Amino acid sequence: MMEWEIVIGLETHAQLRTNSKIFSGSSTAFGAAPNTQANAVDIALPGVLPVLNRAAVECAIRLGLAVGGKIAARSIFARKNYFYPDLPKGYQISQYETPVIAGGSLAIVVGQAGQSYEKTVALTRAHLEEDAGKSLHEDFHGKSGIDLNRAGTPLLEIVTEPDMRSAAEAVAYAKALHALVRWIGICDGNMQEGSFRCDANVSVRPRGSEVLGTRREIKNLNSFRFMQQAIDYEVQWQIATLEDGGRIEQATVLFDPATGETRAMRSKEDAQDYRYFPDPDLLPLEISPDWIARVKADLPELPAEMKARFESEYRLSAYDAAALTAGREICVYFADCVAAAGRENAKLCANWLMGELAARLNKEGREISAAPIPPLQLAALVRRIADATISNKIGKEVFDALWSGEDKDVDAVISDRGLKQISDGGALEALIDGVLAANPKSVEEFRAGKEKAFNALVGQLMKATRGKANPQQVNELLRRKLSDRDVLRPPD
């Protein structure tokens, strides 16, 4: 069987966070009644002229700075001609030959902890354009309706090079870009409302070949789970088609979540089909170095910069640092937790945040901003584990109490429930002596070289203390006791 290489490039439409549309003063607020946010410019009445929204341009500049792209001093708006009911003018105002942003890249982390790798995805361009309206096919007595509220909504289309080689890499890139546009404040990232949607260009080729295969574009993927499923299905379909002697036709396809399959919608157009030409109603967009400098001064510390700082200052792994900078909310939570718990406990803070806290949030479908345990409270729990007041295992019992709201004070929970860790050497030795005397078989098995017997003895001791014995001290004292051949020696 031939080995195949997957080639994926993504085109992402990020709706820009502006109060008005890109070429008119109409509102961009979501959820208004159909056609109540479309003025004369949006519906293309004769004689109207577009006026460029300055805030949309500044969003593009922020993205260009964040990805290290080249911000064009002069870019051109073009007319992309096609005919569809929800496109009132018969063309879309976009950018073609001279986009506002060229190049740039985005670093991603792919995989799970312990099995992850880093990769950089190159960007081709990012250009400004207007959105089309929306066709409505329900509740119209068998007919379709047109809602032009979205017509003219500002978009930034961000296009990658065909650098990704698996669905996992595509999803990792999409998540990283989603986090970035929210981080720098240019897009709210709401995928259910259509604020962030991706098209995946997918092809396969024989491994080792430098020639790209024929691509099919999967349109309007509005969830990361659907992206994974759609790409996986499309890849398998293309490979099966080629191995059966068929050929891939360039096409635009849709993903059906109900069946988990992609299906062809139309043959894929090329650039010449759209008859691009410069829009005569819009002057070239000119961006001065001073304008760029002002926008740059307003940017927050970027995820890549913060990730590098977390690795350096807190000695976190690349995977941990990437997870903790995947969004501003989690990053702020972690920073507040470390500030209260101490830098020396940063790794422990990270473990609890990405472990117990993340698992509970995921189970209950909550965002970190709605976590019942605030960062200062988690920091207090981390401090009590770090100073050996309680064990990590007992910490989970305290965490449960805090999460349920039974008590909001860590020390009170520990005191009221008698959870303080037993760290007194004399008390532990007495407990160990009792466990050894009650388990002579395990003692002999350990001395015969069976390490599992040691674990069994530790388990007995932790059971006797209801998990409150200091695990490190238990291990040290128990090994010392077992190395003493006089312990439990039978009489002569």
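Residues numbered from 1 in each chain as written. Predicted model: local features only at pLDDT ≥ 70, side-chain atom pairs only at ≥ 80, totals over all residues. Heavy atoms only, no water.

Undergrad: Help me get a handle on the side chain of Arg-197, residues and values and all.
TA: Mapped onto the elements of the fold, Arg-197 is located in strand 12 (residues 196-206). When residues no more than four places from it in sequence are discounted, the contact partners of Arg-197 are Glu-11, Thr-12, His-13, Asp-131, Arg-150, Leu-155, Asn-220 and Leu-221. (Helix = DSSP H or I, 4+ residues; strand = E, 2+ residues; numbered from the N terminus. Contact = heavy atoms within 4.5 Å.)

Undergrad: Which residues make up the sheet that holds strand 4 (residues 78-81), and what are the values?
TA: What the three strands build is an open sheet, ordered 5-4-16; its pairing is antiparallel. The open sheet is flanked by strand 5 (91-94) and strand 16 (277-278), the only strands paired with a single partner. The pairing of strand 4 with strand 16 spans two bridges and is classified as antiparallel. Along strand 16, the bridge assignment pairs Ala-78 with Pro-278. (Pairing = 2+ DSSP bridges.)

Undergrad: Just give me the short version of the packing of helix 5 (residues 303-314) against helix 7 (residues 328-341), but keep the residues and values in it.
TA: At a minimum axis distance of 13 Å, the contact between helix 5 and helix 7 shows a crossing angle of 25 degrees. In terms of their interaxial angle, helix 5 and helix 7 are classed as roughly parallel. Regarding helix 5 and helix 7, the two cross each other, and that crossing is left-handed. Mapping the contact onto sequence places Met-306, Phe-310 and Tyr-314 in helix 5 and Cys-331, Phe-334 and Val-338 in helix 7. The class makeup of the residues in the contact of helix 5 with helix 7 is six nonpolar, no polar and no charged. (Axes fitted to C-alpha atoms, helices over the stretch in contact; angles between N-to-C directions. Parallel < 35°, antiparallel > 145°, perpendicular 65-115°, else oblique. Left-handed = near helix turned anticlockwise from the far one by under 90°. Nonpolar A, V, L, I, M, F, W, Y, C, P; charged D, E, K, R; others polar.)

Undergrad: Break down the pattern of salt bridges for me, citing the residues and quoting the values.
TA: Tallied over the entire structure, the rule returns 28 salt bridges. Residues Asp-42 and Lys-21 are paired through a salt bridge, measuring 3.4 Å at the closest nitrogen-oxygen approach. Of the two residues, Asp-42 is situated in the loop between strand 1 (4-15) and helix 1 (54-67) and Lys-21 in the loop between strand 1 and helix 1; the sequence distance between them amounts to 21 residues. We classify Asp-42 as buried; its relative accessible area is 6%. Residue Lys-21 is classed as buried on the basis of its relative accessible area of 1%. Salt-bridge contacts for Lys-119 lead to Glu-169; the nearest nitrogen and oxygen are separated by 2.8 Å. (Salt bridge = Lys/Arg side-chain N within 4 Å of Asp/Glu carboxyl O. Buried < 20%, exposed > 50% of the residue type's maximum accessible area, 1.4 Å probe, protein only.)

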